[in-house]
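# Structural overview
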Amino acid sequence: HLIEDENMVKLFLDEARISAPVAHPNVVHVEEVGQCGDSYFIAMEYVHGVSLAELLARLKERRLRLRPKLCVWLTAQLAEALHAAHEAKGENGLPLDIVHHDVSPQNVLIGHTGHVKLIDFGIAKSQAENDQRAGRRAVLGKLRYMSPEQLRLERADRRTDVYALGVMLWEMLAGRPLF
């Protein structure tokens, strides 16, 4: 039913377009984007594992927490992924200035082999798109991880993602939500 909504199709294709240039071991790789009949698809790297959100929920059920050293290591892996997104360049060699806007445990996959992958660039925007949409923005993302400027619908930059990563680190260490 969403195929009939032009805005949803545009958002779907924007996700592929924005995340495809980000080549980093800690970012899920886009293999192919295409259309089959009336349907569109994004084929991405398969990660056999669980989301960080699932892992944290299971640990909480058992009244366990991640070791601090592991929390810091996971955060460092995600910081590398975000840096790759923030520094990605387009085909013309110019910076894309990608801001993920939805850094949260639900968007982190941990493979059974230990690989950490950032996923879901569905609401990510390049800075050029942020500038074009000024005054027409909506609050997108998960409230618990939104930076103050994101909540105020101000121009977001890489600091928005770093803020969310800091909230995630705090939550991994504390074993409970910050907010």
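Residues numbered from 1 in each chain as written. Predicted model: local features only at pLDDT ≥ 70, side-chain atom pairs only at ≥ 80, totals over all residues. Heavy atoms only, no water.

To continue, consider the side chain of Glu171. With respect to the secondary-structure elements, Glu171 resides in helix H6 (residues 158-174). The exposure class assigned to Glu171 is buried, which follows from its relative accessible area of 6%. Side-chain polar atoms of Glu171 contact the side chain of Arg144, separated by 3.0 Å. (Helix = DSSP H or I, 4+ residues; strand = E, 2+ residues; numbered from the N terminus. Buried < 20%, exposed > 50% of the residue type's maximum accessible area, 1.4 Å probe, protein only. Polar contact = N/O pair within 3.5 Å; in protein donor to acceptor, adjacent residues only side chain to side chain.)

With that out of the way, let us pick up the nonpolar core. One finds Leu52, Ile98 and Phe121 to be the most contacted residues of the largest nonpolar core, which totals 28 residues. Sort the elements by how many residues they give to this core and helix H3 (residues 68-87) lands first, with seven residues. Among all residues touching Leu52, those that are not within four sequence positions of it are Leu66, Leu74, Pro105, Val108, Ile110, Met168 and Met172. (Core = buried A, V, L, I, M, F, W, Y, C linked by side-chain atoms within 4.5 Å. Contact = heavy atoms within 4.5 Å.)

Here we take up the layout of surface pockets. Over the atoms, a rolling probe the size of a water molecule traces out where space has been left empty. When its volume is computed, the largest pocket comes out at roughly 380 Å³. Taken together, 19 residues make up the lining of the largest pocket; nearest its centre are Leu56, Ala57, Lys60, Gly175 and Arg176. Every element with two or more residues in the lining of the largest pocket is listed here: helix H2 (52-61) and H6. Looking at which element gives the most residues to the lining of the largest pocket, the answer is H2, with five residues. By residue class, the composition of the lining of the largest pocket is ten nonpolar, two polar and seven charged. (1 Å grid on protein atoms, 1.4 Å probe; cavity = no way out; pocket = protein on both sides within 12 Å on 5 of 7 lines; lining within 4 Å. Points joined across faces, edges and corners; volume = space filled by probe spheres on them. Nonpolar A, V, L, I, M, F, W, Y, C, P; charged D, E, K, R; others polar.)

Before going further, it helps to examine the packing of H3 against H6. As a packed pair, H3 and H6 sit with axes 10 Å apart at the nearest point and diverge in direction by 165°. The angle between the axes of H3 and H6 places the two elements in the roughly antiparallel class. In terms of crossing hand, the pair formed by H3 and H6 is right-handed. Note on element contacts: H6 touches H3 through Arg158, Asp161, Leu165, Met168, Leu169, Met172 and Leu173, opposite Pro68, Cys71, Val72, Leu74, Thr75, Leu78, Ala79, Leu82, His83, His86 and Glu87. The residue inventory of the contact of H3 with H6, partitioned by class, reads twelve nonpolar, three polar and three charged. (Axes fitted to C-alpha atoms, helices over the stretch in contact; angles between N-to-C directions. Parallel < 35°, antiparallel > 145°, perpendicular 65-115°, else oblique. Left-handed = near helix turned anticlockwise from the far one by under 90°.)

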